[in-house]
Amino acid sequence: MSAVLADMPKTETSKMGAPASTKAIAPSKGSRPWTFYVLATLFAAYVIALYGPMFCIYILSFQDIRGGLVFPMKGQSLHWFVDLFTQVRTGDVKGSFDRSIKLAVIVTIITVVVSFLAGLGFRKRFRGDTVVFYMMIGSLVAPGLVLGLGTGLLFQALGLNASWYTSALGAQLSWTLPFGVLVMFAVMSRFNHVWEEAAYDLGASRWQSIWLVMIPVLAPGLVAVALFGFTLSYDEFARSLQTAGSLNTLPLEIWSMTLNVTSPSLYALGTVTTVVSFVVIGASLGTIVLIQKKRGSQAKG
Amino acid sequence: MKSDRGDIELAGVCKSFDGVTNVVDGVNLRIDDGAYCCFIGPSGCGKTTILRMIAGHEDPTAGEIVIGGQNVVGLAPVQRRTAMMFQSYALFPHLTVRENIAFALRVRGQSKADRLRAADAMIEKVRLTQFADRLPAQLSGGQQQRVALARAAITEPRVLLLDEPLSALDEQLRVQMRQELRRMQQELGITFIHVTHTQLEAIALADLVVVMEQGKIKQAGAARDVYAHPHDRYVAEFMGGQNVLSGRVEKVNGASFTLAAPSGIEVPLQARPTINVGDQVDIAVRRDDVALVRPGRDLPPGYTTSLPGRVLAIEYQGYFVKVMLDTVPDDEFVAYVPEKTFFADPFTVGDVVMATWATGSALPLA
């Protein structure tokens, strides 16, 4: 495994190094400076530190029935994946997975809509705009566990039942909205407001200029906001802990499993959730690429 | 629509963004229907603000804007029947050339077939047929400008407003697109108002040149009037091509007066009503009217003034040679000498020469 990993960064860095060496003015004559090897080693170490722990989990999840929680690997099979979905003792994986996906979708939709509207609102400066901005961003700084506890307490005080689609939704939005707004601001900063003016000049109403100009131009950025909203919600733990009520979201379920499940099916769960994350990210990036490709092919027409 | 005429009248137009200083300060101007009008001035002189007020993107703080006999203040651009071409063209990056041009018809609810047909006709007019399916980013600067022009023209405006339309182009293309703008204006037969800070662009294109400074109109008139007969020192220096001299009036006789400093300059009296001995007066002499003579030689007939100076620098410009002199302390004094005249008896840097001109060509400034 480590050999595979060590190879990766090398090919990566050599690709990056090529144009730099052609640009160099120093008469290196094809041989690379010693700093290249130092930096390449550093980068390789960085990548291993970044991905090594995760790969340990993924690899150990493919053991056979004799498998334990630590290296060395014992056999190879999909036993623990089957175990994950068939054994009751491992916990309510399917139910919590369902809830997590539904919650993430709701959070994503609210985050995209609110962030876009905030982006529109902040196109022009207004009185107290910095105060409003810092109030939005402030909840990023608050410790998630404390915020979740507070939300749970508030619901209790109001006599409401905490559940994943009320209190947990609120607690998660306090996390995803500021992120979404920040990303949206970065996206909006690249939007040239003369386009809006041009649309107005050509007779477009405010709605038409939003529908026909702003949203299509900002579409890749909106997908990025959606991606943020989804992934932040999908693996949110601290804020959900005290707010999810009696039914767990997936991260909470995994956490409780680490306390009482002592088989590699825990690792199998890790592998499955990672795959889901990558599918979502891949789909989002694919959408962005598709939007740009569509424009490109239209252009070639 | 009330009127198809695109004549414009600005009456006492003021604009202030902060309520303290007027960016546009009491502008009065009449622009004829179908005229090509250029606003020119340094940046921050209020020319773009005037354009944006005529376009309906900015409301005047005071005054009236009348287009075709109708006060348009408060109306949207479409109701004014004006169209604007933005400085960087502001083409919609996600739409093809055809869709960009058809945009105005789309928001009016025209059917897809109708609007694409209209757009294609316009595309042909600006000679972009082979680029109709491209995105703006895949076009050159000149092509983008044509798309912007077509997109604005498809609304059938009676006034087209152009905000520094050539500033994004390189030198050669600028001259080429300049001609194209003029051609389009004649083809469309509508009023063009063009904002620029390039003197050459203004006098090459415009029927009416409007020179501005700090929110006020300094001079408005035909290109040749403004260039050859500037009203005052500012216009003379801004439009270029003139040497401006300043001095005290020494004596006045019926048809002319004489300036004392730097040394007796005779200037013909023109419309200027009263000139008294002792007045401080600016005069302008065109750089191409200045002749250079070596000291001791006779002046040509009709030339009464001669100012000594030393040659500071010489620039070969092709059909003329630009000779810079230290005749006026702390100020430029330049002679444009025809190439053949210059090389018949060339000067070198450091030579002492007499600058002279036909008395009739000196122009008193206000």
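Scoring rules and cut-offs
- Residues numbered from 1 in each chain as written.
- Chains lettered and ligands numbered in written order.
- Predicted model: local features only at pLDDT ≥ 70, side-chain atom pairs only at ≥ 80, totals over all residues.
- Helix = DSSP H or I, 4+ residues; strand = E, 2+ residues; numbered from the N terminus.
- Buried ≥ 20, exposed ≤ 12 C-beta atoms within 10 Å, placed from the backbone.
- Contact = placed C-beta atoms within 7 Å.
- Pairing = 2+ DSSP bridges.
- Axes fitted to C-alpha atoms, helices over the stretch in contact; angles between N-to-C directions.
- UniProt positions renumbered as here; feature names shortened; annotations may be inferred.
- Domains from an automatic or database assignment.
- Nonpolar A, V, L, I, M, F, W, Y, C, P; charged D, E, K, R; others polar.
- Core = buried A, V, L, I, M, F, W, Y, C linked by C-beta atoms within 7 Å.
- Right-handed = clockwise from strand over helix to strand, strands pointing away.
- pLDDT = per-residue confidence, 0-100.

Draft legend 1. Main features of the overall build of chain A. Helices and strands together make up the secondary structure of chain A, namely 12 helices and zero strands. Listing every helix and strand of chain A by position from the N terminus yields α-α-α-α-α-α-α-α-α-α-α-α. Counting over 301 residues, chain A shows a buried share of 29%. For chain A, long-range pairs separated by at least 24 residues make up 75% of all intrachain contacts whose partners lie at least 6 apart in sequence.

Draft legend 2. Structural detail: the overall build of chain B. Check the secondary structure of chain B and you find 10 helices and 20 strands. In chain B, which comprises 366 residues, the proportion classed as buried is 42%.

Draft legend 3. Layout of the sheet that holds strand 4 (residues 62-67) of chain B. Residue and element names in this part refer to chain B. In space, the four strands of this open sheet follow the order 2-1-4-5, with antiparallel pairing throughout. Each end of this open sheet is capped by a strand with a single partner; those strands are strand 2 (24-31) and strand 5 (70-71). Examined bridge by bridge, strand 1 (residues 8-15) and strand 4 share five bridges and lie antiparallel to one another. Considered in strand 4, the bridge of Ala11 is made with Glu64. Sheet strands in contact with helix 1 (residues 47-55) are strand 1, strand 2 and strand 4, and its direction is about 120° off that of strand 1.

Draft legend 4. Just the UniProt feature "transmembrane region" (unreviewed entry) in chain A, in detail. All names here are of chain A. Feature annotation in UniProt assigns "transmembrane region" (unreviewed entry) to the following positions: residues 36-60, 101-120, 132-158, 164-188, 209-232 and 266-291. In residues 132-158, helix accounts for 89% and strand for 0%; the two terminal C-alpha atoms are 27 Å from one another. Helix makes up 100% of residues 209-232 and strand 0%, whereas the separation of the span's terminal C-alpha atoms amounts to 31 Å.

Draft legend 5. Structural detail: the domain arrangement of chain B. According to the domain assignment, chain B consists of domain 1 (8-228) and domain 2 (241-359). Between domain 1 of chain B and domain 2 of chain B, the C-alpha centre-to-centre distance is 40 Å.

Draft legend 6. Focus on the interface of chain A and chain B. On the side of chain B, 22 residues touch chain A, which itself brings 18 residues to the contact. For the side of chain A that touches chain B, the secondary structure elements donating two or more residues are helix 8 (193-201), helix 9 (206-234) and helix 12 (265-300) of chain A. With six residues, helix 8 of chain A is the largest single contributor of residues to the side of chain A that touches chain B. By residue class, the composition of the side of chain A that touches chain B is 10 nonpolar, five polar and three charged.

Draft legend 7. The nonpolar core, seen in detail. With 138 residues, the main nonpolar core has B:Ile54, B:Leu160, B:Leu161, B:Ile193, B:Val210 and B:Ile283 as its most contacted residues. Looking at which element gives the most residues to this core, the answer is helix 9 of chain A, with 13 residues. Those residues in contact with B:Ile54 that lie beyond four places of it in its chain are B:Ile8, B:Ile65, B:Thr82, B:Val159, B:Leu161 and B:Ile193. If you look at the next biggest cluster of nonpolar residues, it comprises 11 residues, including A:Leu250, A:Ile254, A:Met257 and A:Leu269.

Draft legend 8. Focus on the sheet that holds strand 10 (residues 216-221) of chain B. All names here are of chain B. Ordered in space as 6-7-8-3-9-10, the six strands form an open sheet in which the pairing is mixed. The strands lining the two open edges of the sheet, one partner per strand, are strand 6 (82-85) and strand 10. Strand-to-strand twist across the sheet, computed as the mean angle between neighbouring axes with direction ignored, equals 20°. Here strand 3 (residues 36-40) pairs with strand 9 (residues 208-213) via four bridges, running parallel. Residue Ile40 lies in a different strand from strand 9, and its bridge partner there is Val211. Helix 1 rests against strand 3, strand 6, strand 7 (159-163), strand 8 (191-196) and strand 9 of the sheet, and its axis sits at about 150° to strand 7.

Draft legend 9. Region of interest: the UniProt feature "domain: ABC transporter" (unreviewed entry) in chain B. Feature annotation in UniProt places "domain: ABC transporter" (unreviewed entry) on residues 8-239 of chain B, given in this structure's numbering. Helix makes up 38% of residues 8-239 of chain B and strand 24%, whereas the separation of the span's terminal C-alpha atoms amounts to 25 Å.

Draft legend 10. The arrangement of the UniProt feature "domain: ABC transmembrane type-1" (unreviewed entry) in chain A in detail. Under the UniProt annotation, "domain: ABC transmembrane type-1" (unreviewed entry) lies at residues 97-284 of chain A. The span residues 97-284 of chain A carries 78% helix and 0% strand; its end-to-end C-alpha distance comes to 20 Å.

Draft legend 11. Representation of the pairing of strand 8 of chain B within the structure. Residue and element names in this part refer to chain B. Burial runs high along strand 8: six of the six residues are buried. The alternating pattern of strand 8 places Thr191, Ile193 and Val195 on one face and Phe192, His194 and Thr196 on the opposite face, and all of these are buried. Direction of pairing for strand 7 relative to strand 8: parallel, over a ladder of five bridges. Bridging from a neighbouring strand, Leu160 pairs with Phe192 of strand 8. Taken together, strand 7, helix 6 (residues 171-188) and strand 8 constitute a β-α-β crossover, and its handedness is right-handed.

Draft legend 12. Molecular detail of the environment of A:Ile106. Residues and elements named next belong to chain A. By the element assignment, Ile106 lies in helix 4 (residues 93-121). By the C-beta count within 10 Å, which is 17 here, Ile106 ends up partly exposed. When the C-alpha atoms of Ile106 and Arg32 are compared, they prove to be 52 Å apart, with 74 residues separating the residues in sequence.

Draft legend 13. Structural detail: the confidence of the model for chain B. Mean pLDDT over chain B works out to 88, with 96% of the residues at or above the 70 mark. Predicted as a complex, the structure gets a pTM of 0.77 and an ipTM equal to 0.82.

Draft legend 14. Highlighting unusual backbone geometry. Residue and element names in this part refer to chain B. Its identity is not glycine, yet Tyr89 carries a phi of approximately 75°, on the positive side. Mapped onto the elements, Tyr89 comes out in the loop between strand 6 and helix 3 (97-107). Residue Tyr89 is classed as buried on the basis of its C-beta count, with 23 C-beta atoms lying within 10 Å. Even without being glycine, Glu164 reaches a positive phi, approximately 40°. Its place among the elements puts Glu164 in the loop between strand 7 and helix 6.

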